[in-house]
Amino acid sequence: LPFVRGMLGIDPDAPRRTVTVAPQLPANWEEVTVTGLRVGTAVCSFLYTRSPRRITLRGTASDSLTLVFAPVLGPSANIGQVRVGGKPREADVRRHSLSVQPAIKAAVRDSFALEIDYESAIEVLPPAVETRTGDPNAGVKVVSTAWKDGRLTLTLEGLAGTSSRIPIMLQRPGGPVKGARLDGT
C-alpha cells in the first residue's frame, strides 16, 4: 500500500517482531490514526500527532514488539528532548540536506507514548493544485529543498509563463526572505 509504506512510513517485520513508523507527512498534517495493523501475532494501533514543537506517537500493541519511530522533519529542524513513556531517551538523529530524521527504538506492549520535542525554522508545504479528471499536470513541483547556513533553497519545476504559490510554515519568524515574497504573517 503506497500511502501506508510511503507517507506513513509503516514497515511491519513479523519475523523480527518489529514495526517501523517513519512518517513523511506535510508539516500541516496535525493528526493521523492507524488501527488494526498486524505484525505477526500482534495487533497495533497508532495515533500520530504533531504540534509546532512536538511530535507524539501514542498507541497500543497486543503483544511485545520493538517499535522504531523515525519521523522525517524539514531540513531546518533542531531536535530537543526525546521521551519514551515520559522518560528521557537518546535518539539517533540523521541529518540530510533535505531532512532531519530522529529515530527512537523502544520495546512496547499494551499502551505506549513516544515524544520528540523539536524546533523548526521553516517547512515547505505541498502546493495546492486544483485539477479535474483528465487535466494535464499544471502544478509546480518542489524538486528539492536544501538547508545550509540558515538558508533554505528550493528547486522548483513548473510550466513556462506561469506563476505559483509555495506555502510555507514559519515557526521562527523574523528572518529575511530574499528572491521571494512572503505574504501574510
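Each remark here, short or long, concerns the structure printed above.
What counts as what
- Residues numbered from 1 in each chain as written.
- Predicted model: local features only at pLDDT ≥ 70, side-chain atom pairs only at ≥ 80, totals over all residues.
- Heavy atoms only, no water.
- Salt bridge = Lys/Arg side-chain N within 4 Å of Asp/Glu carboxyl O.
- Helix = DSSP H or I, 4+ residues; strand = E, 2+ residues; numbered from the N terminus.
- Buried < 20%, exposed > 50% of the residue type's maximum accessible area, 1.4 Å probe, protein only.
- Contact = heavy atoms within 4.5 Å.

A few points about the pattern of salt bridges
Note on pairing: side chains with opposite charge can pair once their charged atoms come close. Applying the stated criterion to the full structure yields nine salt bridges. Arginine 109 serves as the salt-bridge partner of aspartate 63, at 3.1 Å between the closest nitrogen and oxygen. Linking aspartate 63 in strand E5 (residues 54–69) with arginine 109 in strand E9 (residues 100–119), this pair joins segments that are 46 residues apart in sequence. Given a relative accessible area of 43%, arginine 109 falls into the partly exposed group. Between aspartate 92 and arginine 94 there is a salt bridge, and its shortest N-O distance comes to 3.2 Å. By relative accessible area, which is 42% here, aspartate 92 ends up partly exposed. The partly exposed category is assigned to arginine 94, whose relative accessible area is 36%.

Let's talk about the environment of valine 68
Considering the arrangement of structural elements, one finds valine 68 in strand E5. C-alpha of valine 68 to C-alpha of alanine 107: the two residues are 39 residues apart in sequence and 8.9 Å apart in space. In this structure valine 68 touches Thr18, Val19, Thr20, Val21, Ile104 and Lys105, once residues within four positions along its chain are discounted.

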